[in-house]
Amino acid sequence: MIVTIHQPLLFPWLGYLDRMARADLFVVLDHVQFERGNYQNRARYLHEGEPRWLTVPVHQRSQKERILDKEVDHGAAGKTPWGPAAFNTLRQAYRDAPFFHAYAEPVEAILKARWTRLADLTLASMRLAREAFRIDTPMIRSSELAVHGAKSDLVLAICKAVGASKFLGGMGGSRRYLDAAAFERAGIAVEWQEFAHPVYSQRGAKAFVPGLSSLDLLFNCGPLAREILFRRAAPLAVTEEPA
């Protein structure tokens, strides 16, 4: 069984979905420390040809807070909630995209819902992407497993807990810290994702911008998005996850 593991991401980028689709089981790493400046509460979108960040505000109570404990900051009473403002931002950016209205309603519902936990919001955005790209890889949360450790030890513990025969690693940090010898001793093979980013028509872009939220492909290409993502002869090679 091929297993891959990653923190939950807001409206995840295409490389994330590609790895999810290539695995037999996707483990959402939600019981580790929340990392500021990562994709856990933000997503890149395109506005007038320039990449920008859509960010979910969160309460900063402790640097050691886990992802699953992180709470959304809805702001003071009487002020415009962040969710409607975030959806309006996307509407301004993509209102002329050919398929914006095909996905606007479910995206708006996610952003305007009054979530308490960031992880629940992020998982809802991931479910939307999974449905749109027809990805049926089973998905579980690491918080449901009795696993502990840090970095390579934690990844190995998760793989053992779910009965993995192979770990599919991404293009980010795990390449730098994974103890391949420990996996070999445990009888678990290690494979690294090689992702070729598809190039497609982006509304208003002067030159193609990779590494955006999967919403960009959906808004621009609609029902062709799945075929575009999973064709294996795309010309734009990506060697690491977008920062």
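What comes next concerns the included structure.

Rules behind the numbers
Residues numbered from 1 in each chain as written. Predicted model: local features only at pLDDT ≥ 70, side-chain atom pairs only at ≥ 80, totals over all residues. Heavy atoms only, no water. Helix = DSSP H or I, 4+ residues; strand = E, 2+ residues; numbered from the N terminus. Rg over C-alpha atoms; globule rule 2.2 N^0.38 Å. Buried < 20%, exposed > 50% of the residue type's maximum accessible area, 1.4 Å probe, protein only. Pairing = 2+ DSSP bridges. Axes fitted to C-alpha atoms, helices over the stretch in contact; angles between N-to-C directions. Contact = heavy atoms within 4.5 Å.

1. Regarding the overall build of the protein chain
Regarding its fold elements, the protein chain presents 9 helices and 9 strands. On C-alpha atoms alone, the protein chain measures out to a radius of gyration of 18 Å, which is about the 18 Å that the 2.2 N^0.38 rule sets for 243 residues. Taken over the C-alpha atoms alone, the protein chain extends approximately 55 × 45 × 25 Å along its principal axes. Out of the 243 residues in the protein chain, the part that is buried amounts to 50%.

2. Observations concerning the sheet that holds strand E5 (residues 139-141)
Ordered by their spatial adjacency, 5 strands build an open sheet running E5-E2-E1-E6-E7, and the pairing between neighbours is parallel. Two strands lie at the open edges of the sheet, namely E5 and strand E7 (189-192), each paired on one side alone. Direction aside, neighbouring strands of the sheet carry axes that sit 30 degrees apart on average. Examined bridge by bridge, strand E1 (residues 2-6) and strand E6 (residues 166-169) share 2 bridges and lie parallel to one another. Paired with Val 3 across the strands is Phe 167, a residue of E6.

3. Focus on helix H8 (residues 214-221)
Counting buried positions along H8 yields 8 of 8 residues, so the element is predominantly enclosed. Buried residues of H8: Ser 214, Leu 215, Asp 216, Leu 217, Leu 218, Phe 219, Asn 220 and Cys 221, and no others. Tucked into the core, H8 has its buried residues touching helix H1 (14-22), strand E3 (42-47), helix H2 (82-94), helix H3 (100-112), helix H4 (118-132) and helix H9 (225-230). Positioned one or two residues after H8, Gly 222 has a phi angle of 55 degrees, which is positive.

4. Looking at the pairing of E3
Within E3, 6 of the 6 residues are buried, which leaves it mostly tucked inside the rest of the structure. Of the two faces of E3, both are covered, the one formed by Arg 42, Arg 44 and Leu 46 as well as the one formed by Ala 43, Tyr 45 and His 47.

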